[in-house]
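Secondary and tertiary structure notes
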Amino acid sequence: RILHELTERTGIDFVSSKRGGFRILGIMAAFARGCYSCPNRVPFLQREAIVLNLEPSDPYWYSVLFHELAHATGHQARLSRIGIVDMHAYAYDLGVKAIEEIIAESTARLVLRQLGLSNQYTESQNENYILHFAREANIDLSSSHIKTEVDRAYSFIMEHWADFLDTVKNETRLMELMREANRFF
């Protein structure tokens, strides 16, 4: 239900990998938890797509969802980040790829915290992912460029997709109440 609503509100197709999402995108990345792509990256795509390779019950599901959504903010029609707009630069320049991944993960972390969905698992995963790319490409995490791009991506999500974020919060609360009720029956 959440993915259908997000597709309607963003214009981005959200695909469950259970239905062959990675094959749809032409990506050999079955090990990945999620993937964002768009027509300038995969020419046969008609529009943007996000594939999630997790079940909503997975503790990392929202983290991966918001990470991929943060990548989508880099599309040329939104914030136009080089790591999304120029697939060649992303694929062959480790610095470009690392900066884009750090921006996406840092943005996801902020959204999770804002929605109250952050937990010890997501915090640890966010931290490790960010540090991995920073070390790999020798990126200074205190860079004003990275901070500015994270702020822009976070602001875009909070301003343009706020109504969806409210749905996520309400849906999450409902799932928590149902789990709590199930403990008594």
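Summary of the structure given here. (Residues numbered from 1 in each chain as written. Predicted model: local features only at pLDDT ≥ 70, side-chain atom pairs only at ≥ 80, totals over all residues. Heavy atoms only, no water.)

With that settled, the discussion passes to the overall build of the chain. Scanning the chain for helices and strands turns up 9 helices and 3 strands. Ordered by position from N to C terminus, the α and β elements of the chain give α-β-α-β-β-α-α-α-α-α-α-α. Relative to its 185 residues, the chain shows a buried fraction of 49%. A separation of at least 24 residues holds for 63% of the contacts in the chain among residues at least 6 apart in sequence. For the chain, the computed accessible surface area is about 9,900 Å², with 53% contributed by carbon and sulfur atoms. (Helix = DSSP H or I, 4+ residues; strand = E, 2+ residues; numbered from the N terminus. Buried < 20%, exposed > 50% of the residue type's maximum accessible area, 1.4 Å probe, protein only. Contact = heavy atoms within 4.5 Å. Areas by Shrake-Rupley, 256 points an atom, 1.4 Å probe, with all protein chains shown as cover.)

Between its terminal C-alpha atoms helix H6 (residues 94–115) stretches 31 Å, which fits the 32 Å expected from 22 residues at 1.5 Å a residue. The N-terminus of H6 is capped by Asp93, whose side-chain oxygen sits 2.9 Å from the backbone nitrogen of Gly95. Looking one or two residues beyond H6, the residue adopting positive phi is Gly116, at roughly 75 degrees. (Expected span 1.5 Å × (residues − 1). Polar contact = N/O pair within 3.5 Å; in protein donor to acceptor, adjacent residues only side chain to side chain.)

Another aspect to go through is the nonpolar core. Counting 44 residues, the largest nonpolar core has Phe14, Trp61, Tyr62, Leu65, Phe66, Phe164 and Val168 as its most contacted members. Contacts of Val168, omitting those with residues within four sequence positions, involve Ile2, Tyr62, Phe66, Leu115 and Leu117. (Core = buried A, V, L, I, M, F, W, Y, C linked by side-chain atoms within 4.5 Å.)

At a minimum axis separation of 9 Å, H6 and helix H7 (residues 120–136) run at an interaxial angle of 160 degrees. It follows from the interaxial angle that H6 and H7 lie roughly antiparallel. Considering only the axes of H6 and H7, their crossing is left-handed. Counted together, Leu94, Lys97, Ala98, Glu101, Ile102, Glu105, Ser106, Arg109, Leu112 and Arg113 of H6 and Thr122, Glu123, Gln125, Asn126, Glu127, Tyr129, Ile130, Phe133, Ala134 and Glu136 of H7 form the full contact between these two elements. (Axes fitted to C-alpha atoms, helices over the stretch in contact; angles between N-to-C directions. Parallel < 35°, antiparallel > 145°, perpendicular 65-115°, else oblique. Left-handed = near helix turned anticlockwise from the far one by under 90°.)

Looking now at the packing of helix H1 (residues 2–10) against helix H3 (residues 61–72). The contact between H1 and H3 brings their axes to 13 Å, and the two run at 15 degrees. Considered as vectors, H1 and H3 are oriented roughly parallel to each other. As H1 runs across H3, the sense of the crossing is right-handed. Mapping the contact onto sequence places Ile2, Leu3 and Leu6 in H1 and Trp61, Tyr62 and Leu65 in H3. Classifying every residue of the contact of H1 with H3 by side-chain character gives 6 nonpolar, no polar and no charged. (Nonpolar A, V, L, I, M, F, W, Y, C, P; charged D, E, K, R; others polar.)

One pass over the full model with this rule turns up 4 aromatic pairs. When the ring of Tyr62 is compared with that of Phe66, the centres are 6.3 Å apart and the planes differ by 20 degrees; the resulting orientation is stacked. Pair noted here: Tyr62 and Phe66 are both in helix H3, with a separation of 4 residues, about one helical turn. With respect to class, Tyr62 is no different from Phe66; both count as buried. Between Tyr129 and Phe133, the aromatic rings sit 5.1 Å apart at their centres with planes inclined by 55 degrees, giving tilted as the arrangement. Of this pair, Tyr129 and Phe133 both sit in helix H7, separated by 4 residues, roughly a single helical turn. (Phe/Tyr/Trp six-rings, centres within 6.5 Å; stacked < 30°, edge-to-face > 60°.)

Within the secondary structure layout, Leu110 lies in helix H6. Overall, Leu110 belongs to the partly exposed group, its relative accessible area being 32%. Ignoring sequence-local partners within four residues, the contact set of Leu110 consists of Val150 and Tyr154.

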